[in-house]
Amino acid sequence: MGRSRRTLPEELLLLALDPTTGTTAQPQSLDLGLAGAQLVELALAGRIAPDGDRIAVVMPRPTGDPTLDSALELLRRRGSPVRAVHWIGGPRLGLRQIYLSHLERCGMVHAVAGQMCGVLPTTRYQATETAISRDIRARLDSAIRTGVPPDPRTAALAALAHAVGLGKHLYPGNEGRSSRSRLRDLIRHDPMGGLVAHAVMDVQNGVAAQPRRNPAAATGSRQVAAASMQPHRGTMARIPAH
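Residues numbered from 1 in each chain as written. Predicted model: local features only at pLDDT ≥ 70, side-chain atom pairs only at ≥ 80, totals over all residues. Heavy atoms only, no water.

Student: Looking at this model, I keep getting lost on the pattern of salt bridges. Mind explaining?
Tutor: Where side chains of opposite charge bring their charged atoms close, a pairing between them can arise. Scanning the model with the defined rule gives nine salt bridges in all. As a salt-bridge pair, E73 and R76 come within 2.6 Å of each other at their nearest N and O atoms. You can see E73 and its partner R76 sitting in helix α3 (residues 66-78), three residues apart, about one turn around the helix. Using a relative accessible area of 41% as the deciding quantity, one classes R76 as partly exposed. The partner of D141 in a salt bridge is R137, with the nearest N and O atoms 3.1 Å apart. Of this pair, D141 and R137 both sit in helix α6 (residues 130-146), four residues apart, roughly one helical turn. (Salt bridge = Lys/Arg side-chain N within 4 Å of Asp/Glu carboxyl O. Helix = DSSP H or I, 4+ residues; strand = E, 2+ residues; numbered from the N terminus. Buried < 20%, exposed > 50% of the residue type's maximum accessible area, 1.4 Å probe, protein only.)

So, in structure tokens, the structure goes:
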């Protein structure tokens, strides 16, 4: 693709890939996170912007990324701003597989065919460009370790990683507890990333029906709720081959 930087959905997916098993952590919530990561990437590209708890298209011009442009076109067709929680909670069938296949075409991952229980065909994905994966992880680690406010892209990645429950995958055990706490705290450094991350958590918690207050005004109460929320267990799931 000739790009030196991966998109946020790609980075989130690479973070979730287990280098040993080739499976993705938190597969169900990860699908929500990928939909949210598309929104943040489109915002960083100047195509959409937050409007309270809604998402508004401000520039419908394509980005050149087919998957992002499909999302942008769907948002444009809505005709009016859509609540982030409704967008993320909508059907996103195959989104994870689309990004995995894309990363495979780019040479970022290698697909390995197998079987589950000796019957169900599965496909595992092993990262091949490990330097890029290490760089993504290093950005996150640096933001957690130094306490220096990260750039919007890294802050959004941290917010999404927390929202989908990757904390225990990235920083396991009691020794990772403080890092998981700081990962959660990074959610406040990017307004769009925070809006999307909260929407992802709301969908998981089944509270998408009620309109959200202004995200800035609700930050304090949401941080308390996020602190008490226990992330999903870091289970792995192989993806059936198609």
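Student: Mind showing me how you'd approach the side chain of R83 here?
Tutor: Inspection of the secondary structure puts R83 in strand β4 (residues 82-83). A relative accessible area of 6% places R83 in the buried class. Side chain to side chain, R83 and D53 meet in a polar contact 3.2 Å long. (Polar contact = N/O pair within 3.5 Å; in protein donor to acceptor, adjacent residues only side chain to side chain.)

Student: Help me out: how do you make sense of the sheet that holds strand β2 (residues 48-51) in this one?
Tutor: Paired through their backbone hydrogen bonds, the strands of a sheet run either parallel or antiparallel. Pairing is antiparallel in the open sheet, where three strands are placed in the order β2-β3-β4. What marks the edges here is a single partner per strand, and that holds for β2 and β4. Where strand β3 (residues 54-57) and β4 come together, two bridges link them in antiparallel fashion. Within β4, the position partnered with R54 by the bridge is R83. (Pairing = 2+ DSSP bridges.)

Student: Please clarify how the pairing of β2 should be interpreted in this entry.
Tutor: Regular strands show a simple pattern: their side chains alternate between the two faces of the sheet. By the bridge criterion, four bridges tie β2 to β3 in an arrangement that is antiparallel. Bridge pairing in β3 links A49 to A56. Count of turn residues in the β2/β3 antiparallel hairpin: two residues, of which G52 carries a positive phi of about 65°.

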